[in-house]
Amino acid sequence: MANDAILEIAGQRPFPLRGKGPWSIGRSEASDICFRDDPHCSRTQALIHRTEDGYVLEPISAATPTVLNGAPLADPHQIEEGDTIRFAAQTVRLVAPRRDEPSAPHGESGGRPEGRGGERIAVQDNQVVSRQSQSGVRGGTSELVLDHPAVSRRHAKFRVHADRVTIEDLGSTNGTCVNGRAIRRPTELHSGDIVTVGIFSLRFDGRSVQVTTPGEVMPLSAVSISKIVRSRDKGASMSLLQDVSLDIRPGELVCIVGESGSGKSTLMNIISGRNRPTGGVVRLGDLD
């Protein structure tokens with residue numbers, strides 16, 4: 001495998017094997033590929049070495065077996081494109097990079113693509129779309145983590161049936177859309193459908209979703225924002241914000257200043273998607 005390979009990790013972002021290695025796999029925070037929420041994964045589960053001929057998988061854990069293509073490993077073993085590695089509750093597959101996405105030179109680290117063709121993640125049954133990783137993967141549930149305030153802690157869930165894939169909203173704050181329409185019940189997905197979760201677009205191809213976000217190339221606007229709350233002690237209405245508008249262009253650095261109690265935090269929470277305004281609208285490009 002001449003180019004850098006990629007590890008497809010169920011429920012997580014793909015991990016590119018860039019550089020000379022080795023790469024550690026385990027529960028330890030120091031691991032290159034970390035499964036900190038899986039209690040059955042050892043702190044150092046295995047190592048992947050880069051050699052002149054490709055890649056070698058070295059099992060390290062004595063407590064939890066490392067299984068390659070269904071066979072437990074006792075010694076280092078050459079791994080090839082398409083090989084499947086399993087340990088604890090995890091499944092990892094070695095794949096070649098897509099032809100339209102050449103590898104970066106050795107030693108360069110890859111960042112998360114935004115506003116362009118993004119990472120592709122395999123869809124699994126009971127896969128929950130969430131803002132942050134929950135306390136471990138339990139009961140056959142995997143996760144697709146989209147780290148943004150507009151995404152709820154438990155936002156949506158994929159279900160994989162014998163001949164179809166569906167997605168349902170889990171009572172999220174900002175809702176889940178399929179091809180621009182908010183869904184109220186489990187909705188079947190077809191190849192080419194676009195699922196919108198917060199600022200993220202998930203393009204479904206029948207087996208996986210390609211995750212992109214337009215954040216780098218679209219303006220953020222707040223139009224005529226108002227926020228009215230009720231006083232806890234007197235029950236009277238209080239206006240925290242009134243007719244506030246703001247435009248932030250791509251690449252701009254904006255500071256919001258003002259006296260204590262002037263509504264800075266309230267405005268920031270609204271434009272970041274944490275709170276809803278009483279009136280007005282927040283737009284990311286053409287997306288409300």
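Remember, it's a predicted structure, so these values are computed and weren't measured experimentally. (Residues numbered from 1 in each chain as written. Predicted model: local features only at pLDDT ≥ 70, side-chain atom pairs only at ≥ 80, totals over all residues. Heavy atoms only, no water.)

This part takes up the overall build of the protein. Per the secondary structure count, the protein includes one helix and 25 strands. Buried residues in the protein amount to 38% of all 288 residues. A total of about 16,400 Å² of accessible surface is found on the protein, and carbon and sulfur atoms cover 46% of it. (Helix = DSSP H or I, 4+ residues; strand = E, 2+ residues; numbered from the N terminus. Buried < 20%, exposed > 50% of the residue type's maximum accessible area, 1.4 Å probe, protein only. Areas by Shrake-Rupley, 256 points an atom, 1.4 Å probe, with all protein chains shown as cover.)

So, about the pairing of strand β15 (residues 156-160). Relative to β15, strand β13 (residues 127-130) runs antiparallel, the two being bridged by three bridges. The residue bridging Val129 from the neighbouring strand is Ala156, located in β15. Relative to strand β16 (residues 165-169), β15 runs antiparallel, the two sharing five bridges. Its bridge partner lying in β16, Arg159 is registered against Thr166. In textbook terms, the turn of a hairpin is the stretch between consecutive antiparallel strands, and for β15 and β16 this stretch comprises four residues. (Pairing = 2+ DSSP bridges.)

It is worth spelling out a nonpolar patch on the surface at this point. Judged by side-chain polarity, Val254, Ile256 and Met268 come together as a nonpolar surface patch covering roughly 210 Å² of accessible area. Position of Ile256 relative to the elements: it lies in the loop between β24 (237-248) and α1 (264-271). (Patch = residues over 30% accessible without salt bridge, like charges linked within 9 Å, V, L, I, M, F, W, Y side chains within 5 Å. Salt bridge = Lys/Arg side-chain N within 4 Å of Asp/Glu carboxyl O.)

What follows covers the pattern of salt bridges. All chains considered together, the criterion is met by three salt bridges. Residue Glu8 pairs with Arg93 through a salt bridge whose shortest N-O separation is 3.0 Å. Here Arg93 lies in strand β11 (residues 90-95) and Glu8 lies in strand β1 (residues 6-9), a separation of 85 residues in the sequence. Between Arg36 and Glu29 there is a salt bridge, with the nearest N and O atoms lying 3.9 Å from each other. Residue classification places Arg36 among the partly exposed positions, given a relative accessible area of 48%.

Below, the discussion takes up the nonpolar core. Leu144, Leu146, Phe158, Ile167, Leu189, Leu202 and Val209 are the most contacted members of the largest nonpolar core, which has 22 residues in total. The residues contacting Leu189, other than those within four sequence positions of it, are Phe158, Val165, Thr166, Ile167, Val178, Val195 and Phe204. Residues Ala5, Phe35, Ala46 and Tyr55 belong to the second largest nonpolar core, which totals 21 residues. (Core = buried A, V, L, I, M, F, W, Y, C linked by side-chain atoms within 4.5 Å. Contact = heavy atoms within 4.5 Å.)

All right, on to the sheet that holds strand β3 (residues 23-26) then. Read from one edge to the other, the open sheet built from five strands follows the order β4-β3-β5-β6-β9, with strand pairing classed as mixed. The sheet is open, and its two edges are formed by β4 (33-34) and β9 (77-79), each paired on a single side. Pairing between strand β5 (residues 46-51) and strand β6 (residues 54-59): six bridges, direction antiparallel. Paired with Ala46 across the two strands is Pro59, which belongs to β6.

What describes a pair of aromatic rings is the distance from one ring centre to the other and the angle between the planes of the rings. Scanning the entire structure with this criterion turns up two aromatic pairs. Ring geometry for Trp23 against Tyr55: centres 6.2 Å apart, planes inclined by 50°, an arrangement best described as tilted. In this pair, Trp23 is assigned in strand β3 and Tyr55 in strand β6, connecting sequence segments 32 residues apart. Tyr55 sits in the buried class, given a relative accessible area of 1%. Look at Phe35 and Phe87: their rings are 5.5 Å apart centre to centre, the planes differ by 75°, and that puts the pair in the edge-to-face class. (Phe/Tyr/Trp six-rings, centres within 6.5 Å; stacked < 30°, edge-to-face > 60°.)

Spatially, the five strands line up as an open sheet ordered β14-β13-β15-β16-β19, and their pairing is mixed. Because the sheet does not close on itself, it has two edges, and the strands there are β14 (143-145) and β19 (187-189). Here the strands of the sheet are splayed against their neighbours by 25° on average, with no regard to which way each runs. (Axes fitted to C-alpha atoms, helices over the stretch in contact; angles between N-to-C directions.)

Here the focus is the confidence of the model for the protein. Of the residues in the protein, 83% reach a pLDDT of 70 or more, and the chain-wide mean stands at 81. Note on residues 98-117: pLDDT under 50 across the span, and 31 contacts to partners over four residues away in sequence or across chains. Scored below 50 in pLDDT, residues 136-140 shows five contacts in the model against residues more than four places distant or in partner chains. (pLDDT = per-residue confidence, 0-100.)

As a further point, take the pairing of strand β23 (residues 220-230). Two elements, β23 and β24, share eight bridges in a ladder whose sense is antiparallel. From the neighbouring strand, Lys227 faces β24, where its bridge partner is Leu241. Taken together, the five bridges between β23 and strand β25 (residues 279-284) define a ladder with antiparallel strand orientation. Residue pairing across strands places Ser226 opposite Gly279, the latter belonging to β25.

You can see Ser152 is positioned in the loop between β14 and β15. Within the structure, the side chain of Ser152 is placed 3.0 Å from the backbone nitrogen of Thr173, a separation counted as a polar contact. In contact with Ser152, not counting residues within four places along its chain, are Val129, Ser130, Arg131, Ser172 and Thr173. (Polar contact = N/O pair within 3.5 Å; in protein donor to acceptor, adjacent residues only side chain to side chain.)

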